[in-house]
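The primary structure of each chain is shown beneath.
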Amino acid sequence: MKTFKMLSFDLVTKDGMQPFPLVDGIIINQEDSHQSWILELFMDRQLRSIFDELLANDAVFNVRAVISSPDNEPAPFRVAVHAVHEIGEHISVLLKGTLKIKRSKYAEQLLAELLAEGVSSEDLLERFAHGMKERPKLKND
C-alpha cells in the first residue's frame, strides 16, 4: 500500500466541479488486483448531510483530487461513500473506489479548448495560466 497527502477534493457534477474545503485528507492506493483506492476526507461537520445522502443512496460518483503537490494534475476517481463519522467539530468521510483508467492530459485539453474558442494570442497565455491554476471542468473531461 502507498499513502498520499490529499490537497484538494472536488465532486464532479453535471454543472462542473463542486469543491469541498479540506481540513486534511489522505489517499491510499491499496495496490490490490481490483486497483482499489481509499480516500479519507477530514472536513467541517456542516458538510455531513451531503455525504450521508450519498451513503444512503449507495451512490457511485466521480471526484477529482490533487495529490501530494499543488502542481499535480487532479486525479480522477470513481467512488462510493463507505462511512461518515463525526469527530468533534469535523467529520471523517471514507470513500472507496478506483482511479479512472483514462487519465486526461489537462494542460493539452485546456489549450485545445482555448484554441478552439479562438482566444487571441494576446489573451492565450493569461487564460491558459488562469485555467491551469483554477482547473475548470473541460468539455471532454
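Preceding block: the structure.
Residues numbered from 1 in each chain as written. Predicted model: local features only at pLDDT ≥ 70, side-chain atom pairs only at ≥ 80, totals over all residues. Heavy atoms only, no water.

J.: How do you make sense of the packing of helix H2 (residues 106-116) against helix H3 (residues 121-134) when you look at a structure like this?
T.: Between two packed helices, the angle of one axis relative to the other and the distance separating the axes together describe the packing. Contact geometry for H2 and H3: axes closest at 10 Å, N-to-C directions at 140°. Classed by the angle they form, the pair H2 and H3 counts as oblique. Handedness of the crossing formed by H2 with H3: right-handed. Side by side, H2 and H3 meet where Tyr106, Ala107, Leu110, Leu111, Leu114 and Leu115 of the first sit next to Leu124, Arg127, Phe128, Gly131 and Met132 of the second. Residue composition of the contact of H2 with H3, by class: nine nonpolar, one polar and one charged. (Axes fitted to C-alpha atoms, helices over the stretch in contact; angles between N-to-C directions. Helix = DSSP H or I, 4+ residues; strand = E, 2+ residues; numbered from the N terminus. Parallel < 35°, antiparallel > 145°, perpendicular 65-115°, else oblique. Left-handed = near helix turned anticlockwise from the far one by under 90°. Contact = heavy atoms within 4.5 Å. Nonpolar A, V, L, I, M, F, W, Y, C, P; charged D, E, K, R; others polar.)

J.: Hey, could you run me through the pairing of strand E1 (residues 2-13) in this one?
T.: Consecutive side chains of a regular strand alternate in pointing toward one face of the sheet and then the other. Here four bridges tie E1 to strand E3 (residues 24-29), and the two strands are oriented antiparallel to one another. Bridging across to E3, Phe4 finds its partner in Ile27. Where E1 meets strand E5 (residues 60-67), five bridges bridge the pair, whose relative direction is antiparallel. Along E5, the bridge assignment pairs Met6 with Ile67. Inspection of the sheet shows E1 paired to strand E2 (residues 16-20) by five bridges, in the antiparallel sense. Along E2, the bridge assignment pairs Asp10 with Pro19. What sits between E1 and E2 in their antiparallel hairpin is a turn of two residues. (Pairing = 2+ DSSP bridges.)

J.: I'm lost on the environment of Leu22 in this one. Help?
T.: Tracing the backbone through its elements, the reader meets Leu22 in the loop between E2 and E3. Since its relative accessible area comes to 21%, Leu22 is described here as partly exposed. With 105 residues separating them along the chain, Leu22 and Arg127 place their C-alpha atoms 27 Å apart. Those residues within four positions of Leu22 in sequence are excluded, and the remaining contacts are Met6, Leu7, Ser8, Phe9, Leu41, Phe42 and Met43. (Buried < 20%, exposed > 50% of the residue type's maximum accessible area, 1.4 Å probe, protein only.)

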